[in-house]
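# Chains, contacts and geometry: an overview
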Amino acid sequence: MSSMPYPYDAEQPAAECQVAQAPEIPTAVVSKPDFPMYEMPTLMDGTFSHLVEVLAEAGLRPIGPAFALHHRAPVATADLEVGFPIDAPLTDTLTLPSGYEVTGSVLPAGRVGWISHVGGYGGLAEKWGSFTEDIGESEEQMTYPFWEFYVTPPAPGVNPATLRTDLFSQLEPRDDA
């Protein structure tokens, strides 16, 4: 699937909630504070349709699937980053044909909880709800940020029932970990 380290390298979807120690991963992202949720498709299309090409021109390459990372729970707006994990830190600002600016960021190191969703994007809210419940029942505490990896890229002709999205949330540190 990718050259991502554990726990991001799972070939099979995780049907049950998993807890793992994740390393920091450099990313190239479009960062949008207070971004209207109804404009999300425009942001995703304007970022993902050109970012790989612009990264290649800068000598960088994605090492995993596209993702969206949230710094707070979205309601009408979201504070988020959308982009790709990359093979080396991005130190310059790049501009996409859509006009969005791309900067370097990271997926944070630390304890994470994660699970997979297989199905259309319309089922993600329900999966996040059950994932949050599973984390609580396992006596873990979610913190920010949380993120989604779009493991199966959407494309014309792809059956939405086969789309895989891996959900991740940072967890509170534990003394016994």
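Look up: the structure comes first, before these words.
Residues numbered from 1 in each chain as written. Predicted model: local features only at pLDDT ≥ 70, side-chain atom pairs only at ≥ 80, totals over all residues. Heavy atoms only, no water.

### Here we look at the overall build of the protein chain
Our working definition: Every helix listed is a DSSP run of H or I at least four residues long, and every strand listed is a run of E at least two residues long, numbered separately from the N terminus. Note on method: radius of gyration uses C-alpha positions; expected globular size equals 2.2 Å times residues raised to 0.38. Exposure is judged per residue with a 1.4 Å probe applied to protein chains only, and the accessible area is read against the type maximum: over 50% gives exposed, under 20% gives buried, and values in between give partly exposed. Accessible surface area values rest on a Shrake-Rupley calculation with a 1.4 Å probe, where residue burial reflects the displayed protein chains alone. Positive charges come from Lys and Arg alone, negative charges from Asp and Glu alone, with His and the N- and C-terminal ends not counted. Where a charge lies is defined by one atom per residue type, namely NZ (Lys), CZ (Arg), CG (Asp) and CD (Glu).
In terms of helices and strands, the protein chain carries three helices and nine strands. Starting at the N terminus and walking to the C terminus, you meet the elements of the protein chain as β-β-α-α-β-β-β-β-β-α-β-β. Against the globule reference of 16 Å for 177 residues, the protein chain gives a C-alpha radius of gyration of 16 Å, in line with a compact fold. Principal-axis analysis of the C-alpha atoms gives the protein chain an extent of 45 × 35 × 30 Å. Going through the 177 residues of the protein chain one by one, you find that 44% of them count as buried. Within the structure as shown, the protein chain displays about 8900 Å² of accessible surface, and the carbon and sulfur contribution to it stands at 53%. The distance from the centre of the 7 positive side-chain charges to the centre of the 25 negative ones in the protein chain is 2 Å.

### Comments concerning the sheet that holds strand E3 (residues 67-70)
Strand pairing in a sheet relies on backbone hydrogen bonds, with the paired strands running either antiparallel or parallel. Formally: Should DSSP find at least two bridges between two strands, the strands are taken to pair. Any pair of residues with heavy atoms lying within 4.5 Å of one another is described as a contacting pair. For helices, the fitted axis covers only the stretch in contact; all axes are lines through C-alpha atoms, and the angles between them, taken along N-to-C directions, range from 0 to 180 degrees.
Reading across the sheet, the nine strands line up as E1-E7-E9-E8-E3-E4-E2-E6-E5 and stay open at both edges, with antiparallel pairing between neighbours. For this open sheet the edge positions go to strand E1 (18-22) and strand E5 (94-95), each flanked by a neighbour on one side alone. As defined by bridge partners, strand E2 (residues 25-36) adjoins strand E4 (residues 77-85) across eight bridges and the pair is classed as antiparallel. Across the sheet, the residue bridging to Phe-35 is Ala-78, located in E4. Sheet strands touched by helix H1 (residues 40-48): E2, E3, E4 and strand E8 (142-150). Its angle to E4, the strand with the most contacts, is close to 20°.

### Notes on the pattern of salt bridges
Rules: A side-chain nitrogen of Lys or Arg and a carboxyl oxygen of Asp or Glu constitute a salt bridge if their distance falls within 4 Å.
Per the stated rule, a full pass over the model turns up six salt bridges. The closest approach of N and O atoms between Asp-79 and Arg-72, which form a salt bridge, is 3.1 Å. On the accessibility criterion, Asp-79 (23% relative accessible area) is partly exposed. For Arg-72, a relative accessible area of 24% translates into the label partly exposed.

### Points about the environment of Val-29
With respect to the secondary-structure elements, Val-29 resides in strand E2. Judged by relative accessible area, Val-29 falls into the buried class, the value being 1%. In this structure the C-alpha to C-alpha distance between Val-29 and Val-82, which are 53 residues apart in sequence, comes to 5.2 Å. Beyond its immediate chain neighbours, meaning those up to four positions away, Val-29 contacts Phe-67, Glu-81, Val-82, Gly-83, Glu-101, Val-102, Thr-103 and Ser-105.

### So, the environment of Glu-133
Looking at where Glu-133 falls in the secondary structure, it is placed in helix H3 (residues 124-137). A residue is classified by how much of its surface remains accessible, and Glu-133, at 48% relative accessible area, is partly exposed. Taking C-alpha positions, Glu-133 is 20 Å from Gly-119, a pair spaced 14 residues apart along the chain.

### Observations regarding H3
Put simply, the rule is: What a helix should span is 1.5 Å times the count of its residues minus one. In this description, one arc is meant: the one made by directions from the helix axis to the C-beta atoms.
Across its 14 residues, H3 extends 20 Å between first and last C-alpha, which sits within 8% of the 20 Å expected from 1.5 Å per residue. Three or more residues of H3 are buried, namely Leu-124, Lys-127, Trp-128, Phe-131 and Ile-135. The buried residues of H3 occupy one face: seen down the axis, they fall within an arc of 100°. Across H3 from its buried face, at more than 90 degrees, point the exposed residues Ala-125, Glu-126 and Glu-137. At its buried positions, H3 is contacted by strand E7 (110-118), E8 and strand E9 (164-171). Glu-139 occupies a position one or two residues after H3 and carries a positive phi of about 65°.

### Structural notes on the pairing of E8
Of all the nine residues making up E8, seven are buried; the element is thus mostly covered by neighbouring parts of the structure. Sheet topology places E3 next to E8; four bridges connect them, and they run antiparallel. Within E8, the residue paired with His-70 across the bridge is Phe-146. When E8 meets E9, the two strands line up antiparallel, connected through six bridges. Bridging from a neighbouring strand, Glu-148 pairs with Leu-167 of E9.

Shape is all these values report; function is a separate question.
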